[in-house]
Amino acid sequence: MQTDILDRDIKFLAGVGPKRAELLKKELNINTFGDLLFYFPYKHVDRTRFYKISQISGDLPYIQFEGKIISARYTGSGRNKRLTASISDGTGSIELVWFRGLRWIADLMKPGKQFVVYGKPTVFNNKVNLVHPEMEDPGKQEKTINASLQSFYNTSEKLKNSFITSRVIQKLQNKLLTMVYGKIPETLPGNITGRLKLAGLNEALLNIHFPQSPELLKKAEYRLKFEELFYLQLGILRQKADRNQKIRGFVFKRVGRLLNSFYHEHLPFELTSAQKRVLREIRKDTATGRQMNRLLQGDVGSGKTLVAVMSMLIAVDNGFQACLMAPTEILATQHYSTLSKMLEKLPVKVGLLTGSTRKNKRIVLHDQLRSGEMHILIGTHALIEESVRFRQLGLVVIDEQHRFGVAQRAKMWKKNPDPPHVLVMTATPIPRTLAMTVYGDLEVSVIDELPPGRKAIISAHYYDSKREVLFGFMRKQIGLGRQIYVVYPLISESEKMDYKDLEDGYLSITRAFPQPDYVVSIVHGKMKPADKETGMQQFISGRAHILVATTVIEVGVDVPNASVMVIESAERFGLSQLHQLRGRVGRGADQSYCIFMTSYKLSNEARQRMKTITGTNDGFEIAEADLKLRGPGDMEGTMQSGFPFDLKISHLGKDNQILEYARQQAAVILDEDPLLEKPGQELLRKQLQKLHPEADNWRRIS
Ligand code: ADP
Ligand code: MG
């Protein structure tokens, strides 16, 4: 069979037609026969087993049983109107409930009628029932390819309204597979499927839709996941190899006077061995003529700033300039004062450029940058502006990467005719699997060790009812000389409500911590920059005991004497943000605490988040949990610009082993044949072009 049949318009499949085709295209992006085949079920359910009604309990997953309708009646009224049918099989009876399509269903629920019922038992008012179960006439069960497990497909509200249910999609798959099975062209080279003992594509597609056995389903999933991740990695590695070949990086040949003198005379403490290792990695990158693109991950407080400083000194030692870009003005300013202090005894000139830098100062800065007199520039997005020109920019450090999009990274590149080395630092640990895909073209360094002497932060989850206990604890800590952050969420659709929460909270805190014994300052996004600065300074200088704030303090702020973090409405934050916030404390020598306040009513997911966050201080563990809980598309922080790949079957949180393996296999192939030119590689080339055309651009350029 020719490949064309898979390219055929979906409307030509028997049972589809123009109207359904329109919907399938719009709602599920299924345009062709091939698209349908690669529209995979999201779960499989054993339909060989029939339960007795007496065996059904509320904690069972999806189940099926057969029974006879005893009665059906309407209850409630208006929006609460529903249809309840009672069904029995002789061992007992159970209720079926519908909220929609009542009239239509009521007509079918005639007493005495026999049904195969399929659904998920739930408990309501201490009684087990099934809401919106699937009902089938036992005599008319549709004949499909025999399968031991039934597939379930995601559909949309619109599709359901047009009666394109999971079941209908299954029937379409049945028609299609009956027609094309055995004739679908293989998309992985025979040496790979053979060597790795992967299922063939025909077998895999058959079994993913109509599993012949649980084992064959597993094999099918593995093959399809492997293939998806393999081509993804092949594309990423191909691009990376190509970039390394084409772009020449500046060579930082020597470790010079500045670095040596800083290291030996001005370093306030011994580097951790993780910091040393990362510095070695950076030195290696920048000394070889390759252009460095490195992602530096390190949990909050792990000492990334110091690594940035020393890397920038290497650049300056070699006659280049360097810049450090931070996501907020507060953070940029703080970096500037830290660095100026650290480097004050050295002959390096450090400057600050932010949105609020005055024009006359700006003009001087621009001149100093162009002449090369200014060595290190620290700032915000303002650094990207067209008017900022360097004499010879050798290194760009981007702090807290997740706040910057890829586009901005690219812009920094263009500051020079030749691209500078780029070091991206993030405290949002990115699980390895994600780093290998989203940031797959970056090298990754990890600081996996905190500076010595840090005490682990003690975390606790309190319900609002324990507020008095909390206030008592806060008073005690303030009595010990500590400072406290109280953070409110500012994330909802309704900003007004959020600000009201914040203001109410501020009032209740000023009441519980009255002047003159206590000083409470407040910082939030709606304040004028100058007021914000004042509020912040009051806290940084130690005059304020409590800082009430929105998440503006989330990133980077360093007040070692602040040892208590209280997060209000913690259920409204995501895991990685909670972890970021917690990282604001635990920076000094004192025991630190983080209290997560929530209301008593919590969703299961929120409860799970509280359990995870109070159970560990390890950012990587938290990121992994987040990825598992929510999947890559929703990972906060890391993915502001959207997850760039549409994965049809793999899950980056769960399939990391397959991903590692696929990457390794892709690397082996590219090692031997970087351009995929050797005979026998046509299939790889063709598939890569089809699936990841962006990775194939090098062909046109070179
Ligand atoms: P982050 O990785 O979150 O940016 P910072 O660079 O702000 O962390 O460092 C956190 C704190 O740890 C700073 O006060 C810094 O001076 C201190 N620090 C960094 N490296 C070390 C070290 N090797 N030993 C002791 N303290 C260190
Ligand atoms: Mg930092």
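A quick note: this is a predicted structure, and the numbers were derived from the prediction, not measured.

### Examining the nonpolar core
At step 1: Residues Ile192, Phe226, Leu229, Phe230, Leu234, Leu377 and Leu684 are the most contacted members of the largest nonpolar core, which totals 47 residues.
At step 2: Those elements that place two or more of their residues in this core are helix 9 (214-246), strand 11 (321-325), helix 14 (359-371), strand 14 (393-399), strand 15 (421-426), helix 16 (432-437), helix 23 (656-672) and helix 24 (682-691).
At step 3: By residue number, the principal contributor to this core is helix 9, which donates eight residues.
At step 4: Two domains each put at least three residues into this core: domain 3 (214-247 + 651-699) and domain 4 (257-286 + 303-426).

### Overview of the pattern of salt bridges
At step 1: Going through the model one piece at a time under the given rule, you end up with 22 salt bridges.
At step 2: Where Arg389 meets Glu386, a salt bridge forms, and the shortest distance between an N and an O atom there is 3.0 Å.
At step 3: Judged by relative accessible area, Arg389 falls into the partly exposed class, the value being 40%.
At step 4: Between Arg609 and Glu605 there is a salt bridge; the shortest N-O distance is 2.9 Å. With Arg609 and Glu605 both in helix 21 (residues 604-615) and four residues apart, the pair spans about one turn of that helix.
At step 5: Take Arg609: its relative accessible area is 10%, and that puts it in the buried class.
At step 6: Look at the salt bridges and you will find they share partners, linking Arg73, Glu95 and Lys127 into a network.

### A closer look at the sheet that holds strand 16 (residues 443-447)
At step 1: Spatially, seven strands are ordered 12-13-11-14-15-10-16 in an open sheet, and the strand pairing comes out parallel. Each edge of the open sheet is held by one strand with a lone partner, namely strand 12 (350-353) and strand 16. On average, each strand axis in the sheet is tilted by 20 degrees relative to the strand beside it, whichever way the strands run.
At step 2: Contacts from helix 11 (residues 273-287) reach strand 10 (293-298), strand 15 and strand 16, with the element oriented near 160 degrees to strand 16.

### Some thoughts on the site of ligand 1
At step 1: Around ligand 1 sit 16 residues, and of these Glu270, Gly301, Lys304, Thr305 and Arg454 come closest.
At step 2: Between ligand 1 and Ser302, the relevant distance is 3.4 Å, taken from an oxygen atom to a main-chain nitrogen or oxygen of the residue.
At step 3: Between an oxygen atom of ligand 1 and a side-chain N or O atom of Lys304, the distance comes to 2.7 Å.
At step 4: Alone, ligand 1 offers 560 Å² of accessible surface; in the complex the protein occludes 83% of this.
At step 5: Per-class residue counts for the shell around ligand 1 are four nonpolar, six polar and six charged.

### Focus on the packing of helix 9 against helix 23
At step 1: For the pair helix 9 and helix 23, the least separation of the axes is 8 Å and the interaxial angle reads 50 degrees. For the element pair helix 9 / helix 23, the angle class is oblique. Pair helix 9 / helix 23 crosses with right-handed handedness. On helix 23, the residues touching Tyr222, Lys225, Phe226, Leu229, Phe230, Gln233, Leu234, Leu237, Arg238 and Lys240 of helix 9 are Ile658, Leu659, Tyr661, Ala662, Arg663, Gln665, Ala666, Ala667, Ile669 and Leu670.

### Observations concerning the domain arrangement of the chain
At step 1: Looking at the chain, the domain boundaries give domain 1 (1-48 + 148-185), domain 2 (49-143), domain 3 (214-247 + 651-699), domain 4 (257-286 + 303-426) and domain 5 (458-616).
At step 2: Placing the centre of domain 4 and that of domain 5 at their C-alpha centroids yields a distance of 31 Å.

### A word on the layout of surface pockets
Take a probe with the size of a water molecule and roll it over the atoms, and the empty space left behind shows itself.
At step 1: For the largest pocket, the calculated volume is near 1,600 Å³.
At step 2: Around the largest pocket, the lining is made up of 38 residues, and of these Trp104, His132, Pro133, Glu134 and Thr165 lie nearest the centre.
At step 3: Among the secondary structure elements, those contributing two or more residues to the lining of the largest pocket are helix 4 (102-108), strand 5 (114-119), strand 8 (134-136), helix 5 (157-161) and helix 6 (166-180).
At step 4: In terms of residue class, the lining of the largest pocket is made up of 16 nonpolar, nine polar and 13 charged.
At step 5: The two domains that each donate at least three residues to the lining of the largest pocket are domain 1 (1-48 + 148-185) and domain 2 (49-143).

### Quick notes on unusual backbone geometry
At step 1: Residue Gln515 is joined to Pro516 through a cis peptide bond whose omega torsion reads 0 degrees.
At step 2: Relative to the elements of secondary structure, Pro516 occurs in the loop between helix 18 (495-512) and strand 19 (520-523).
At step 3: Despite not being glycine, Phe163 shows a phi value in the positive range, around 65 degrees.
At step 4: Along the polypeptide, Phe163 turns up in the loop between helix 5 and helix 6.
At step 5: Even without being glycine, Lys197 reaches a positive phi, approximately 55 degrees.
At step 6: With respect to the helices, strands and loops of the structure, Lys197 is situated in the loop between helix 7 (190-195) and helix 8 (201-209).
At step 7: A residue is classified by how much of its surface remains accessible, and Lys197, at 66% relative accessible area, is exposed.

Parameters and conventions
Residues numbered from 1 in each chain as written. Chains lettered and ligands numbered in written order. Predicted model: local features only at pLDDT ≥ 70, side-chain atom pairs only at ≥ 80, totals over all residues. Heavy atoms only, no water. Core = buried A, V, L, I, M, F, W, Y, C linked by side-chain atoms within 4.5 Å. Buried < 20%, exposed > 50% of the residue type's maximum accessible area, 1.4 Å probe, protein only. Helix = DSSP H or I, 4+ residues; strand = E, 2+ residues; numbered from the N terminus. Domains from an automatic or database assignment. Salt bridge = Lys/Arg side-chain N within 4 Å of Asp/Glu carboxyl O. Pairing = 2+ DSSP bridges. Axes fitted to C-alpha atoms, helices over the stretch in contact; angles between N-to-C directions. Contact = heavy atoms within 4.5 Å. Near = heavy atom within 4 Å. Polar contact = N/O pair within 3.5 Å; in protein donor to acceptor, adjacent residues only side chain to side chain. Areas by Shrake-Rupley, 256 points an atom, 1.4 Å probe, with all protein chains shown as cover. Nonpolar A, V, L, I, M, F, W, Y, C, P; charged D, E, K, R; others polar. Parallel < 35°, antiparallel > 145°, perpendicular 65-115°, else oblique. Left-handed = near helix turned anticlockwise from the far one by under 90°. 1 Å grid on protein atoms, 1.4 Å probe; cavity = no way out; pocket = protein on both sides within 12 Å on 5 of 7 lines; lining within 4 Å. Points joined across faces, edges and corners; volume = space filled by probe spheres on them.

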